[in-house]
Amino acid sequence: MALRGALAGIHTRLLHEKLPSFLNSAATLPLINTQIVRHRRTKHWDPKFKQLRRLKVFKVDLPDYRKKMSEMTEEQIRSEMKEQGILPHRPWQEHQFTISSTGAVFEPYIPPEGDGKVSPVSTQGAKQSLEFLGKKGKTMLCIKKIRHYDEDFDGPTFCNEALGIYIKMHELMVEQDKEKLIDYVTERAYPEIIHNIDCKTLRWKYLKELEMPRIVHARQTAVVTDDNIFVQVTVRFHTQQTLAIYDRFGRLIHGSEIIAKDVLEYVVFEKHLSNEYGVWRVHAKIVPHWQPPKEPSKMTYKLIEPQKNTEVVPK
């Protein structure tokens, strides 16, 4: 213990004697083990997820748009397109298109003159019946072809379905619902139906049947290929309806909402038989050549009575 105390005293004495001289000499010596450290101000304060932050940004090799294809050889063009994943240009151009309806009425039905007015007992009515039987052969063959694709096809049932499509088409036309209207009419009939109905108010109502609707004509045709078959069926409607058309100012320009009229129409329905999801739609209306031309719509105006001049003229 005495030795340890003596050594500690010697060490303290030497430290007090040599420390001032050491400090004075250290101030004049060069800095040998000095290192300058620069602190990055852009470095993230949290070192965690450093790898994920690095992977968040990646370099993209942009194409060199300054290269001219005309100055490159075919092999260079091929390797350049293969590197960028571009398919070579084809020498021909192909465009996909869908044929969902035909553009016309093939072999249109010719209505007999005076249909709906001539009695079947008269001479003219008997002649019409014979002509109808003569043209019935092709119609029956076409119906047989329809049943080859649709086994449940039946004439009276189809007529009721066609009447529902006919009524729904007119209701959508009155509402001017152009999006749903295309589900009930073909692409050929669509522009004819929506023509000149803008800025007008339509009032149409179906009242009753005067005669049962019946199939009077049916034809089929193949488009592009023999297995791409379209069929058109003409249905005769003899009904009672009311129609009134008003312009944008509310003035009556055609028809009446009160007076009912007998309407005889021949409506053509079309279906894409080869399409599994094909539906019957209105394709056209046949206007007989013997039908008299319709009168132009008459504009109606409000009659304003002239006002009497009640001012007193001074003498």
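Going by the structure above, here's the rest.
Below you will find a few notes about this structure. (Residues numbered from 1 in each chain as written. Predicted model: local features only at pLDDT ≥ 70, side-chain atom pairs only at ≥ 80, totals over all residues. Heavy atoms only, no water.)

Within strand β4 (residues 281–286), 5 of the 6 residues are buried, which leaves the element mostly enclosed by the surrounding structure. Taken together, the 5 bridges between strand β3 (residues 252–272) and β4 define a ladder with antiparallel strand orientation. Of the residues in β4, the one forming a bridge with V268 is A284. (Buried < 20%, exposed > 50% of the residue type's maximum accessible area, 1.4 Å probe, protein only. Helix = DSSP H or I, 4+ residues; strand = E, 2+ residues; numbered from the N terminus. Pairing = 2+ DSSP bridges.)

Moving on: the sheet that holds β4. Taken together, 4 strands build an open sheet; the order of strands is β1-β2-β3-β4 and the sheet is antiparallel. The open sheet has two free edges, formed respectively by β1 (201–222) and β4, since each of these has just one partner strand. Averaged over all pairs of adjacent strands, the angle between strand axes in this sheet comes to 30°, irrespective of strand direction. With 16 bridges connecting them, strand β2 (residues 229–246) and β3 associate as antiparallel partners. (Axes fitted to C-alpha atoms, helices over the stretch in contact; angles between N-to-C directions.)

This part is about the layout of surface pockets. Within this model, the largest pocket holds a volume of roughly 2100 Å³. Lining the largest pocket are 48 residues, and of these L243, H254, V263, E265 and K294 sit closest to its centre. Mapped onto the lining of the largest pocket, the elements with two or more residues apiece are α6 (155–175), α8 (189–194), β1, β2, β3 and β4. The element contributing the most residues to the lining of the largest pocket is β3, with 11 residues. (1 Å grid on protein atoms, 1.4 Å probe; cavity = no way out; pocket = protein on both sides within 12 Å on 5 of 7 lines; lining within 4 Å. Points joined across faces, edges and corners; volume = space filled by probe spheres on them.)

Quick look at empty space enclosed by the protein now. Per the counting criterion, the structure on display carries 1 cavity of 30 Å³ or more. By volume, the largest cavity amounts to about 30 Å³. In terms of lining residues, the largest cavity is bounded by V105, F106, E107, P108, Y109, H217, R219, Q232, T234 and V268. Classifying every residue of the lining of the largest cavity gives 5 nonpolar, 3 polar and 2 charged. (Nonpolar A, V, L, I, M, F, W, Y, C, P; charged D, E, K, R; others polar.)

A few words now on a nonpolar patch on the surface. On the surface, a nonpolar cluster with roughly 350 Å² of combined accessible area is contributed by F49, L52 and L55. Along the polypeptide, L55 turns up in helix α2 (residues 50–55). (Patch = residues over 30% accessible without salt bridge, like charges linked within 9 Å, V, L, I, M, F, W, Y side chains within 5 Å. Areas by Shrake-Rupley, 256 points an atom, 1.4 Å probe, with all protein chains shown as cover. Salt bridge = Lys/Arg side-chain N within 4 Å of Asp/Glu carboxyl O.)

All right, on to the pairing of β2 then. The buried fraction of β2 amounts to 17 of the 18 residues, a majority that puts the element mostly inside the structure. In this sheet, β2 lies alongside β1 in antiparallel orientation, the contact comprising 17 bridges. Note on β2: the bridge partner recorded for T201 is Y246. Taking the residues between adjacent antiparallel strands as the criterion, β1 and β2 are bridged by 6 residues, where V224 takes a positive phi near 70°. Where β2 folds back on β3, the antiparallel hairpin that results is connected by 5 residues, among which G250 adopts a positive phi of roughly 80°.

Let us now look at the pattern of salt bridges. Evaluation of the coordinates by the stated rule reveals 10 salt bridges. A salt bridge links R78 to E75, with the nearest nitrogen and oxygen atoms 3.8 Å apart. Of this pair, R78 and E75 both sit in helix α3 (residues 74–84), separated by 3 residues, roughly a single helical turn. By relative accessible area, which is 51% here, E75 ends up exposed.

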